[in-house]
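Architecture at a glance
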Amino acid sequence: MSEPTKDAQDDRYAELAARRASALQMGGDEAVLKNRERGRLNVRERIERLADPGSFREMGALAGKGRYDKEGRFESFTPSNAVIGSARLRGRRAVLSADDFTIRGGSSESTVSDKWVYAERYAHEMQIPLVRLVDTAGGSVKLLEQQQSTKIPGYSAWPSISLLSRVPVVGVALGACAGLGAIKVAASHFSVMLRGASQVFAGGPPVVKQGIGVDIDKEALGGWEVHARQSGVVNNVADTEDDAFAQVRAFLSYMPSSVFETPPRAEARPPAPGQVAWLDQAVPEDRRRIYDPRKILRAVFDEESLFEISPLFGGSTIAMLARFEGQVVGVLANDPRVMGGALTSAAARKTERFVDLCDTFHIPIVNFVDQPGVMFGLEAERAGTMRDAIRAIAAIEQARVPWFSVMIRRAFGVGGGMHGPKHGPEGRSLNHRVAWPTARWGSIPIEGGVAAAYRRDIEASADPKARRDELEAYYHRLSSPFRTAERFGIVDIVRPAETRDAIRDWLVDAVQLCARQTGIKQRGLR
């Protein structure tokens, strides 16, 4: 076979350059300008804002649709509306998969599906995190005309579920994400959407109108109020795209690259001594007074290390990633300012997902307990709160990650029993727990129990309030945490200002245990 001439080589290189240039032009000047007028970044600007400068290495830039003359010579090229590649985020490797809205609205039916599936398989096989930047109009019926056929739903080569048991997966909703786009956002360990500028739904307003006859706009159907506050489908909300990208980088900074590693350690930044000393006054003596649990957490963990997940959903429970002397930990806490801290259906679902996340990626859990019990009442029963509580209990009991409970005020009933594992896998259920002197626990709260058990006695008394106070004081003395400690029902009782010392000693052993447990868990994110 003869060698190609220099002219032939030059033609090929010129075609390569032309195709690459077309890929960089995305949907063309007019489409890019229209996208900018909508106040949105284009796909390549998004990647530049998210990734470390100069670190993005594109894959599959030449995937798309070429046009040829009658003799089969190349004329022009329209790129696929999926942009994929590898990059670094804060110096660590990640795979990026992003929709290009300037080409057919990012429609999942107008892309080369093998391309974005390859990105997900690459993350799966190379064991590095995956970030999806989702901005897709979903499927399109026009594909039928183009292909003169249709297909059974699904992508057989897409490891969508096994990914969740292997590497950190992040979904970012940057526009209206319908159908497959909604799945890409929700099938993740952490998801974030834009306030007022992105939506997530199985089917958009036209589909809803046609299918069930309801007129509704995109924001009311799948905006941040729906999914970050009410459904919990999306974890966090961002005010801008840059804010969303900052949250992605922050979340991944707590994660190992895969389940075969442990989370990276950072420089220790302990709280100020004054903050730690303040803990002794953190919980009011009057049990009817509330307090700010986040202020307590800021006084225990490293400065500016608290990263909250789903802050608007299930607000009676707080779930955070944090660092303690540089080491990553998962933090749970009850918020008495929301529903009294009771375990609602949403709070139970939030707990379940967070425990699964920490267990999957070998992150020790510290739980600050002030739990009055499972929420009751008609709305709670209709929401299936007890069912969701049982699912959360299952997540706690199935977890193998080390667990430390700090009993700070209340732990009553089924909800209080969820402070930590009791019957874990393979008999491993060691819940290392300490209490503050302010803590109380039992089957039911003293106040409610006295009112129920001594109702007639109190009503018949000359001074019902004084009699009730007398009975409550008596039972509170019996429920002193020191009496539990006498029977070794609690490992230790500590002054609140001593909590960091207790966690520090336990965490040394917990981190070593996590290092010995790396690998794929029998059950990943459920």
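In the block above lies the structure referred to throughout.
Residues numbered from 1 in each chain as written. Predicted model: local features only at pLDDT ≥ 70, side-chain atom pairs only at ≥ 80, totals over all residues. Heavy atoms only, no water.

A word on the sheet that holds strand S5 (residues 92-99)
Read across the open sheet, the 7 strands follow the order S1-S4-S5-S6-S7-S9-S11; overall the sheet is mixed. One side of each edge strand has no neighbouring strand; the edge strands of this open sheet are strand S1 (57-59) and strand S11 (236-238). Neighbouring strand axes in the sheet, compared pairwise and without regard to direction, differ in orientation by 25° on average. Its contacts with the sheet place helix H3 (residues 43-50) against S1, strand S4 (82-89), S5 and strand S6 (130-134), and it is angled at close to 160° to S5. (Pairing = 2+ DSSP bridges. Helix = DSSP H or I, 4+ residues; strand = E, 2+ residues; numbered from the N terminus. Axes fitted to C-alpha atoms, helices over the stretch in contact; angles between N-to-C directions. Contact = heavy atoms within 4.5 Å.)

What to know about the nonpolar core
In terms of nonpolar packing, the biggest core is built from 57 residues, with Leu89, Val131, Leu133, Val172, Val248, Phe251 and Leu321 touching the most fellow members. The leading source of residues in this core is helix H10 (residues 241-254), at 7 residues. Apart from residues no more than four positions distant in its own chain, Leu89 is found in contact with Leu50, Ala51, Asp52, Ala94, Leu96, Val131, Val248, Arg249 and Leu252. Judged by nonpolar contacts, the second largest core, of 29 residues, contains Leu297, Ile318, Met320 and Val494. (Core = buried A, V, L, I, M, F, W, Y, C linked by side-chain atoms within 4.5 Å. Buried < 20%, exposed > 50% of the residue type's maximum accessible area, 1.4 Å probe, protein only.)

Considering helix H17 (residues 446-453)
Looking only at H17, the buried set comprises Ile446, Gly449 and Val450. Projected down its long axis, H17 carries its buried residues within an arc of 100°, all on one side. Those residues of H17 hidden inside the fold are in contact with strand S16 (403-412), helix H18 (455-460) and helix H19 (464-478). (Arc of directions from axis to C-beta.)

Here's the deal with the pattern of salt bridges
Side-chain pairs of opposite charge can arise where the charged atoms are in close proximity. What the rule picks out here adds up to 32 salt bridges. For the salt bridge of Arg288 with Glu472, the shortest nitrogen-to-oxygen distance reads 3.8 Å. Here Glu472 lies in helix H19 and Arg288 lies in the loop between helix H11 (273-278) and helix H12 (293-300), a separation of 184 residues in the sequence. Take Arg288: its relative accessible area is 62%, and that puts it in the exposed class. Connected through salt bridges with shared partners, the residues Asp292, Arg294, Glu308, Asp335 and Arg337 form a single ionic network. (Salt bridge = Lys/Arg side-chain N within 4 Å of Asp/Glu carboxyl O.)

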